[in-house]
Amino acid sequence: MAQSFELIKDQTVQKDVRYVSVMGDYNRYDVALMTHTVDKNKIFVIDLNKNRYALVDQDKVGSQAEIAHLFQVSGFEAEELISFLKSIL
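What comes next is a walk through the structure.

How each quantity is defined
Every chain begins its residue count from 1, and numbering advances along the sequence as written. Predicted model: local features are reported for residues with pLDDT of at least 70 only, side-chain atom pairs are reported and counted for 80 or more only, and whole-chain, interface and lining totals are derived from all residues. To get the side-chain values, all heavy atoms of the structure are used, and hydrogens and water are removed first. Classification of residues uses two cut-offs on accessible area relative to the type maximum, computed with a 1.4 Å probe and protein chains only: under 20% is buried, over 50% is exposed, and between them is partly exposed. Secondary structure follows DSSP: runs of H or I at least 4 residues long count as helices, runs of E at least 2 residues long count as strands, and numbering of each begins at the N terminus. Pairs of strands are assigned from DSSP output, requiring at least two bridges between the strands. Patch membership is restricted to residues that have no salt bridge and whose relative accessible area is over 30%. Joining uses 9 Å for like charges and 5 Å for the nonpolar side chains Val, Leu, Ile, Met, Phe, Trp and Tyr. Using the Shrake-Rupley algorithm and a 1.4 Å probe, accessible areas are obtained, with residue cover drawn only from the displayed protein chains. The salt bridge criterion pairs a side-chain nitrogen of Lys or Arg with a carboxyl oxygen of Asp or Glu, the two atoms within 4 Å. Geometry is summarised by axes, namely lines fitted to C-alpha atoms with helices restricted to the contacting stretch, and by angles between N-to-C directions that run from 0 to 180 degrees. Throughout, the term roughly parallel applies to angles under 35 degrees, roughly antiparallel to angles over 145, roughly perpendicular to angles from 65 to 115, and oblique to all others. Note on contacts: a residue pair qualifies if any of its non-hydrogen atoms lie within 4.5 Å across the two residues. Charged means Asp, Glu, Lys or Arg here, nonpolar means Ala, Val, Leu, Ile, Met, Phe, Trp, Tyr, Cys or Pro, and polar covers whatever is left, Gly included. Only Phe, Tyr and Trp rings are paired, with Trp represented by its six-membered ring, and only when their centres lie within 6.5 Å; those with planes under 30 degrees apart are stacked, over 60 edge-to-face, the remainder tilted.

## Quick look at the pairing of strand 3 (residues 42-47)
With burial as the criterion, only one face of strand 3 is covered, namely that bearing Ile43, Val45 and Asp47; the residues Lys42, Phe44 and Ile46 on the opposite face remain uncovered. With antiparallel pairing between neighbouring strands as the criterion, strand 2 (residues 28-35) and strand 3 make up a hairpin whose turn holds six residues. By the bridge criterion, six bridges tie strand 3 to strand 4 (residues 52-57) in an arrangement that is antiparallel. Each bridged residue has a counterpart across the sheet, and for Val45 the counterpart in strand 4 is Ala54. What sits between strand 3 and strand 4 in their antiparallel hairpin is a turn of four residues, with Asn51 showing a positive phi close to 55°.

Have a look at this one:
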């Protein structure tokens, strides 16, 4: 049984992607960073190891609980990740 879908948008864009890898005290972080198309203050952060991603505001990286939830890491790893993101954003 085939489903039909109404195509709403199909767009191809060129994007600059920044790849950063670091070793912290608790974990290795391999991330890809892309600037949001509409809001230049937001960055797509993609965790290449865990296949998790989040749209992060450059000015406020987020709380420990929020980052821990988004990237499925412990509280200690979330603090380390926040520190890492603040240093590269």
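## Let's talk about the pairing of strand 1 (residues 18-23)
Summarising the sheet, strand 1 and strand 2 pair through six bridges and their orientation is antiparallel. Following the sheet pairing, Met23 is matched in strand 2 by Arg28.

## Some points on a nonpolar patch on the surface
A cluster of nonpolar side chains, Val17, Tyr19 and Leu48, forms an exposed patch at the surface whose accessible area comes to about 300 Å². Summarising the element assignment, Val17 is placed in the segment before strand 1.

## With respect to the packing of helix 1 (residues 64-71) against helix 2 (residues 75-88)
Orientation of helix 1 relative to helix 2, taken along the N-to-C sense of each, is 100°, at an axis distance of 8 Å. In terms of orientation, helix 1 and helix 2 fall into the roughly perpendicular class. Two secondary-structure elements touch here, helix 1 through Gln64, Ile67, Ala68 and Phe71 and helix 2 through Gly75, Phe76, Ala78, Glu79, Leu81 and Ile82. Taken together, the residues that form the contact of helix 1 with helix 2 break down as seven nonpolar, two polar and one charged.

## So, the packing of aromatic side chains
Under the counting rule described, the total for this entry stands at two aromatic pairs. Note on Tyr26 and Phe76: the rings are 5.7 Å apart at their centroids and 25° apart in plane angle, and the pair reads as stacked. Of this pair, Tyr26 sits in the loop between strand 1 and strand 2 while Phe76 sits in helix 2; the two residues are 50 residues apart in sequence, bridging distant segments of the chain. For Phe76, a relative accessible area of 59% gives the class exposed. Arranged with centres 6.1 Å apart and planes meeting at 20°, the rings of Tyr29 and Phe84 form a pair that is stacked.

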